[in-house]
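An overview of the molecular structure
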Amino acid sequence: MNDSSNDTRINKVNTQMLKTMYESLKNNPSAMATATFYVKSNWNGGFGVTSSSKNFSLGGRTMERNAEYKMDYDFPIQFSGEGSGPTVCEVCMGRLAACLIQTIVVHATSRGILIDSINVDVEGDVNLGGFTGIDSSVRPGAQQFRVNLKINSNTASKEQINELYEIGKKFSPAFDTLTNGTSVVMVGPE
């Protein structure tokens, strides 16, 4: 049974576990600095795709999870899909929002700032001419994501809220990846 006296929580985050993670990273950055995540995706026919993830590695060591996580993607019926899941673009926008929220919660919790709610609305534009190859002058990717982020706290000052907003932009891995790009290596046919 857990001893709740050792489980101090801020924003529903176990602060002792968070502190241990920070200390491990500071004390042994070479072993803890790189987390590698693995996603496997399979085509289900039509435009349906299922992706799954389970274990990851931290500092070269495999970290076991108790569950495998799955996500189904599809096109809307209006795009000849079955509508059995969100589009990849919608999932990308949701993951950007989730990453911003998680980043803000980590930093707010480490500073002892209590958060009442964080709401993020994201909308994005994709030019279908670029995606289909009909218009070669248009990029196939999303043209722009617009993020409306609201942080509410009954105890934090306006300055703390503004700082958390900037921290989200500065430290969110998804925000950084989408705004600065990343290297993608494709291993093709053998």
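Structure shown above.
What you are looking at is a predicted structure, and each value in this text was computed from that prediction instead of being measured.

Section: the overall build of the protein
If you tally the helices and strands in the protein, you get six helices and ten strands. Pairs at least 24 apart in sequence give 48% of the contacts found in the protein among residues at least 6 apart. When the accessible surface of the protein is split by element, carbon and sulfur atoms take 53% of a total near 13,700 Å². Looking at the protein, you have 17 positive and 19 negative side-chain charges, and the mean spots of the two groups are 6 Å apart.

What about the sheet that holds strand β4 (residues 40-43)?
Taken in spatial order, the three strands line up as β4-β5-β8 in an open sheet, and their pairing is antiparallel. Each edge of the open sheet is held by one strand with a lone partner, namely β4 and β8 (69-73). Between one strand axis and the next, the sheet turns through 20° on average, direction left out of account.

Digging into a nonpolar patch on the surface
A contiguous nonpolar surface patch, about 350 Å² in accessible area, is contributed by F79, V126, L128 and F131. On the secondary structure map, L128 appears in helix α4 (residues 128-132).

Points about the sheet that holds strand β3 (residues 35-37)
Pairing is antiparallel across the open sheet formed by three strands, whose spatial order is β3-β6-β7. Since the sheet does not close on itself, it has two edges, and those belong to β3 and β7 (61-63), each with one partner. Going across the sheet, the axis of each strand differs from the next one's by a mean of 30°, ignoring polarity.

Some details on the nonpolar core
Grouped together as the largest cluster of nonpolar side chains are 14 residues, with contacts concentrated most on I104, I113, I115, I118, L149, I151 and L164. Mapped onto this core, the elements with two or more residues apiece are α3 (88-110), β9 (117-126), β10 (142-152) and α5 (158-171). Counting residues per element, this core draws most heavily on α3, which supplies four residues. Residues within four places of I118 in sequence aside, it is in contact with I101, I104, V105, L149, K150 and I151.

Some words on the environment of T177
Along the chain, the position of T177 falls in helix α6 (residues 173-180). Linking T177 and L96, residues 81 residues apart in sequence, is a C-alpha distance of 9.6 Å. Here the side chain of T177 touches P173 through a polar contact of 2.8 Å, landing on its backbone oxygen.

Analysis parameters
- Residues numbered from 1 in each chain as written.
- Predicted model: local features only at pLDDT ≥ 70, side-chain atom pairs only at ≥ 80, totals over all residues.
- Heavy atoms only, no water.
- Helix = DSSP H or I, 4+ residues; strand = E, 2+ residues; numbered from the N terminus.
- Contact = heavy atoms within 4.5 Å.
- Areas by Shrake-Rupley, 256 points an atom, 1.4 Å probe, with all protein chains shown as cover.
- Lys, Arg positive; Asp, Glu negative; His and termini not counted.
- Charge placed at Lys NZ, Arg CZ, Asp CG, Glu CD.
- Pairing = 2+ DSSP bridges.
- Axes fitted to C-alpha atoms, helices over the stretch in contact; angles between N-to-C directions.
- Patch = residues over 30% accessible without salt bridge, like charges linked within 9 Å, V, L, I, M, F, W, Y side chains within 5 Å.
- Salt bridge = Lys/Arg side-chain N within 4 Å of Asp/Glu carboxyl O.
- Core = buried A, V, L, I, M, F, W, Y, C linked by side-chain atoms within 4.5 Å.
- Buried < 20%, exposed > 50% of the residue type's maximum accessible area, 1.4 Å probe, protein only.
- Polar contact = N/O pair within 3.5 Å; in protein donor to acceptor, adjacent residues only side chain to side chain.

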